[in-house]
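Single-letter residue listing:
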Amino acid sequence: MTVQPPEPSPRPAPSGALRASHDDREAVVEQLRDAAAEGRIDFDELDARLEQALTAKTHAELAVLTADLPSPPSVEDRPPLVLKGGLYGASRGPGRWEVPGRVVAHGGVGGVRVDFTRVECRLPEVVVEAYGETSGVTIVIPDAWVADTSGIDPGTGGLKDETTSDRLPGTPLIRLTGSGGVGGVVIRHPNRRERRKLHSNPTDG
C-alpha cells in the first residue's frame, strides 16, 4: 500500500499583504493628524497622506505612510487613570475619553462615577480597581459589555452588580477589583434616563 504524502498547507500571507480594516485605516489617520499637530509633517503632506490612508487596501500600504514617524504609545502602556472622590466627588464620562488598561477609583467623601457608555475601547480587558471608602463608586458600562466582579471584596458597603452576561464579540471585559469599603461599589448598565439621553444625543461628548 502506497502512502501519499500530505499536501502542504497553504502558506499564510505576509503580514504586510493582509487586508486593512476600517479601524486600521482610522488608527493611521489619527497618527498622521497627531504628527501634523506636532510639526513633523506639513499640512500639504498631511492631506496627501490622509487621502492615501483612506484608500489603502493592505497593511503594507498603510505602513509606508507612517514609516518615518515615531510609533504611538500602545494603549496598554498608558498610565492608569486615577480618580479620587475627595470632598466634592469626581467623575469620568459620559463623554468620549481614552480608556487605559487600568482605572483606579477612590470614592472618598464625595464619591466617584466612571461612565464607559460613550467610549471606544479596543482593549480586550480593562481592570477597574474600585475602593468605595465613604461615599462609594459607581461604574456604568454599555449593554454589550460584561463584568467580572469575582476579584472585589464587598466590604461593609457591599457590591451591587446589575450587569448582564450578554457580551458582544470585540467588546472589553471589565475586571473589577478592590473593596466596597463603607460606601459600596455599584456596577450597572445605563438606567432609563441615561438611555434616553444616549438615544437623543448619540454623538454627544
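The model shown is predicted, which means the values in this text are computed figures rather than measured ones.

S.K.: Would you mind showing me how to read the environment of Gly181 here?
M.R.: Structurally, Gly181 can be placed in the loop between strand 9 (173-179) and strand 10 (185-188). Spatially, the C-alpha atom of Gly181 lies 7.1 Å from that of Pro154, the residues being 27 residues apart in sequence.

S.K.: It is not clear to me how the nonpolar core should be interpreted in this structure. Could you clarify?
M.R.: A general trend in soluble globular proteins is that nonpolar side chains are found buried together. Judged by nonpolar contacts, the single largest core of 26 residues is most densely connected at Phe116, Ile139 and Ile174. At the level of elements, strand 1 (81-84), strand 3 (102-106), strand 4 (112-115), strand 5 (125-131), strand 6 (137-140), strand 7 (146-153), strand 9 and strand 10 are the ones that each hand at least two residues to this core. A per-element tally of this core places strand 5 first, with three residues. When near neighbours in sequence (up to four residues on either side) are disregarded, Phe116 contacts Trp97, Val99, Val128, Ile139, Val140, Ile141, Pro142, Trp145 and Ile174. Ranked by size, the runner-up nonpolar core spans 14 residues in total, among them Ala20, Leu50, Ala56 and Leu69.

Rules of the game
- Residues numbered from 1 in each chain as written.
- Predicted model: local features only at pLDDT ≥ 70, side-chain atom pairs only at ≥ 80, totals over all residues.
- Heavy atoms only, no water.
- Helix = DSSP H or I, 4+ residues; strand = E, 2+ residues; numbered from the N terminus.
- Core = buried A, V, L, I, M, F, W, Y, C linked by side-chain atoms within 4.5 Å.
- Buried < 20%, exposed > 50% of the residue type's maximum accessible area, 1.4 Å probe, protein only.
- Contact = heavy atoms within 4.5 Å.

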